[in-house]
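Understanding the architecture of this molecule
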Amino acid sequence: MTDTRTEQDFLGQRALPKDALYGINTQRAMENFALGQKHTDLSLIHAMVQVKKASARTYLDLGMGNPHVFSLIVSACDDILTGAFDDAFVTEALQGGAGTSAHMNVNEVIANVALKKAGHAPGDYEFLHPLDDVNLGQSTNDVYPTALRICTIQQVRQVSDACAALQEALQEKEQAWADIKKAGRTQLMNAVPITLGEEFGAYAQAIARDRWRLYKIEERLRQINLGGTAVGTGTNASRRYAWKAVEFLREQTGIGLAKAEYPMDLTQNQDVFCEVSGLLKALAVNLMKICSDLRLMNSEAYREIRLSPMQQGSTIMPSKINPVIPEMATQTAMKVIANDCAVTMAASSGNFELNPFLPLIADCLLDSLKLLSKAIPLFTSKAIRPLLADEKGCANGLRFTKALPTALARSFGYDQAARIARECDFDEARMQRYLCGHSPSGR
């Protein structure tokens, strides 16, 4: 009794493990793209399974084809969405063919799970076929981008929620530290006074903008090209199927999805994913700037805040503590910015009616979303909420602000105020004593 089964396509035959839930198309992909890096993101896989379920439900509802076959497909999709068969999705994240291999993997696993439910062996495609049945009226070119929009929306919402919590934590510091005065700084040099609360209020405003931008992008992500098939014209898919499948998909995901008015546009052009990535880059920029400020204010040079000690910071220097959470968040931001560069290049490299580099767009975009959805809550809970103000350090910095010289300029003029500041070595107490013995000349 053999432990393998043989499947055939128009290129020839391949031996597969007898009980493998994937088929020949997946096997070829494993051979062709043996990068050994990481598999296609499971959130994207599950979103494709949602598309398959909606399509099968549509054919059942419209009374098209064999109802028993489509009932089995729906049931198989439900089982897969529990995560029970995640190990069967084995294609590399980076693959040629605009995502065809990942899509084939989904079709084959659904078909073989359905076959086993019906008492058939994997590979018995005469009863239920991965392309003729699971993929009926569909193409990689409408299934893959539709699925990517779904999982992007789901994860954008997570990042937006994380931004809301961070914004709230920053606003709490703004209110708590409203009366703690410190030196403002420009070009890393002391400037006029501000409050520590004002500084954190500005951070909160920046994160609020990020949150709003992410909220608005969902409007464009909701447009999907399902039913457009190969090039957006709907070849081999009925109009009734296209409208009904979007309805079922909207119900299943809880997302207000809508059929694109011009499906060919969404098949050709991936600028919406570039836009999402750009917004994540903007968020990364703000996060990186806040982290940089925290590290400086926490440093021995400023001593204006105290980050919570998280772990020993040196293998040679006992008691050294490092600002590890802002450093982690900074590296996350750097990775998001790098991912955006890759998304930009991939989105701009499409040709005619399709972008063959969607797998790279998907991998980088989902990577950025997942990184931010985890890093921001960690930053909020481990850096911002336990953060303490060092009022003594803030007060020390005020001695060297440019507040008095700036105020003097209104009465003495810019040049005279600068001369007084230099003569008094920029010490405000000395300037105050100087002013007690002098009055503005001619003013």
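Above: the structure in question.
Here goes a summary of the coordinates provided. (Residues numbered from 1 in each chain as written. Predicted model: local features only at pLDDT ≥ 70, side-chain atom pairs only at ≥ 80, totals over all residues. Heavy atoms only, no water.)

As a further point, take the overall build of the chain. When its secondary structure is counted, the chain shows 15 helices and 8 strands. For a compact globule of 443 residues, the expected C-alpha radius of gyration is about 22 Å, and the chain comes in at 30 Å, more than 25% above that figure. Dimensions of the chain, computed from the C-alpha atoms along their principal axes, are close to 105 × 55 × 35 Å. Within the chain, buried positions represent 50% of all 443 residues. Across the chain, the fraction of contacts at a sequence separation of at least 24, relative to all contacts at a separation of at least 6, is 73%. Accessible area of the chain: about 21200 Å², with a carbon and sulfur share of 52%. Within the chain, the 49 negative side-chain charges are centred at a point lying 8 Å from the centre of the 47 positive side-chain charges. (Helix = DSSP H or I, 4+ residues; strand = E, 2+ residues; numbered from the N terminus. Rg over C-alpha atoms; globule rule 2.2 N^0.38 Å. Buried < 20%, exposed > 50% of the residue type's maximum accessible area, 1.4 Å probe, protein only. Contact = heavy atoms within 4.5 Å. Areas by Shrake-Rupley, 256 points an atom, 1.4 Å probe, with all protein chains shown as cover. Lys, Arg positive; Asp, Glu negative; His and termini not counted. Charge placed at Lys NZ, Arg CZ, Asp CG, Glu CD.)

Turning to the pattern of salt bridges, a few remarks are in order. Following the criterion strictly, the structure yields 24 salt bridges and no others. Close ionic contact of arginine 213 with aspartate 210 constitutes a salt bridge, the shortest N to O distance being 2.8 Å. Of this pair, arginine 213 and aspartate 210 both sit in helix H6 (residues 196-221), 3 residues apart, which is roughly one turn of the helix. Look at arginine 213 and you get partly exposed, because its relative accessible area is 29%. With its nearest N and O atoms 2.6 Å apart, the salt bridge here joins lysine 289 to aspartate 293. (Salt bridge = Lys/Arg side-chain N within 4 Å of Asp/Glu carboxyl O.)

Further remarks concern the pairing of strand S2 (residues 12-17). Sheet topology note: the strand S1 (residues 4-9)/S2 ladder contains 6 bridges and is antiparallel. Following the sheet pairing, arginine 5 is matched in S2 by leucine 16. (Pairing = 2+ DSSP bridges.)

Turning next to the side chain of glutamine 138. Its place among the elements puts glutamine 138 in the loop between helix H4 (100-117) and helix H5 (140-176). Of note is the side chain of glutamine 138, whose polar atom sits 3.1 Å from the backbone oxygen of valine 134. Those residues in contact with glutamine 138, other than ones at most four positions away along the chain, are Lys52, Ser55, Val143, Thr229 and Tyr241. (Polar contact = N/O pair within 3.5 Å; in protein donor to acceptor, adjacent residues only side chain to side chain.)

Across 5 bridges, the pairing between strand S3 (residues 181-186) and strand S4 (residues 189-195) is antiparallel. Counterpart to arginine 185 in the pairing with S4 is asparagine 190.

How two aromatic rings sit relative to each other is set out by the distance from centre to centre and by the angle between their planes. Evaluation of the coordinates by the stated rule reveals 5 aromatic pairs. On the numbers, 5.1 Å between centres and 5 degrees between planes, the contact of tyrosine 59 with tyrosine 241 is stacked. Of this pair, tyrosine 59 sits in helix H2 (residues 42-62) while tyrosine 241 sits in helix H7 (residues 239-253), and the two are 182 residues apart along the sequence. Considered together, tyrosine 59 and tyrosine 241 belong to a single accessibility category, that of buried residues. Through a chain of ring-to-ring contacts, the aromatic side chains of Tyr59, Phe70 and Tyr241 assemble into a single cluster. In this structure, lysine 244 is placed above the aromatic ring of phenylalanine 248, and the distance from its NZ or CZ to the ring centre is 5.5 Å. One Lys or Arg, lysine 259, reaches over the ring of tryptophan 243 and ends 5.2 Å from the middle of that ring. (Phe/Tyr/Trp six-rings, centres within 6.5 Å; stacked < 30°, edge-to-face > 60°. Lys NZ or Arg CZ within 6 Å of the ring centre and 35° of its normal.)

This part covers the side chain of arginine 149. Of note, arginine 149 is situated in helix H5. Although buried, arginine 149 forms no salt bridge, and the nearest oppositely charged side chain, aspartate 271, lies 6.7 Å from it. Among the polar contacts listed, one links the side chain of arginine 149 to the backbone oxygen of glutamine 223, at a separation of 2.9 Å. When sequence neighbours within four positions are dropped, the list of residues in contact with arginine 149 reads Arg220, Leu221, Gln223, Ile224, Leu266, Gln270, Val272 and Phe273.

Once that is clear, we can look at the environment of arginine 250. Looking at where arginine 250 falls in the secondary structure, it is placed in helix H7. For arginine 250, a relative accessible area of 35% gives the class partly exposed. Beyond its immediate stretch of four places on either side in the chain, arginine 250 contacts Ile255, Gly256 and Leu257.

Even without glycine at this site, threonine 229 takes up a positive phi of about 50 degrees. Topologically, threonine 229 is positioned in the loop between strand S5 (223-224) and H7. On the basis of relative accessible area, threonine 229 is assigned to the buried category, the value being 3%. The residue serine 319 is not glycine, and still its phi comes out positive at about 75 degrees.

Attention shifts here to the state of the cysteines. Enumeration over the complete set of coordinates arrives at 0 disulfides. Here cysteine 163 is not disulfide-linked; the sulfur of cysteine 291 is the nearest cysteine sulfur, at 13 Å. Classification of cysteine 163 by relative accessible area gives buried; the value is 0%. Not part of a disulfide, cysteine 394 finds its nearest cysteine sulfur in cysteine 291, a span of 19 Å. (Disulfide = S-S within 2.5 Å.)

Looking at where glycine 65 falls in the secondary structure, it is placed in the loop between H2 and helix H3 (67-81). Among the residues examined, glycine 65 registers a relative accessible area of 58% and is labelled exposed. When the C-alpha atoms of glycine 65 and leucine 136 are compared, they prove to be 9.8 Å apart, with 71 residues separating the residues in sequence.

Running from N to C, helix H10 (residues 324-347) and helix H11 (residues 358-384) point in directions that differ by 160 degrees, and their axes come no closer than 9 Å. Judged by the angle between their axes, H10 and H11 are roughly antiparallel. Crossing angle aside, the handedness with which H10 passes H11 is left-handed. Along the lines of polarity and charge, the residues of the contact of H10 with H11 split into 19 nonpolar, 3 polar and 3 charged. (Axes fitted to C-alpha atoms, helices over the stretch in contact; angles between N-to-C directions. Parallel < 35°, antiparallel > 145°, perpendicular 65-115°, else oblique. Left-handed = near helix turned anticlockwise from the far one by under 90°. Nonpolar A, V, L, I, M, F, W, Y, C, P; charged D, E, K, R; others polar.)

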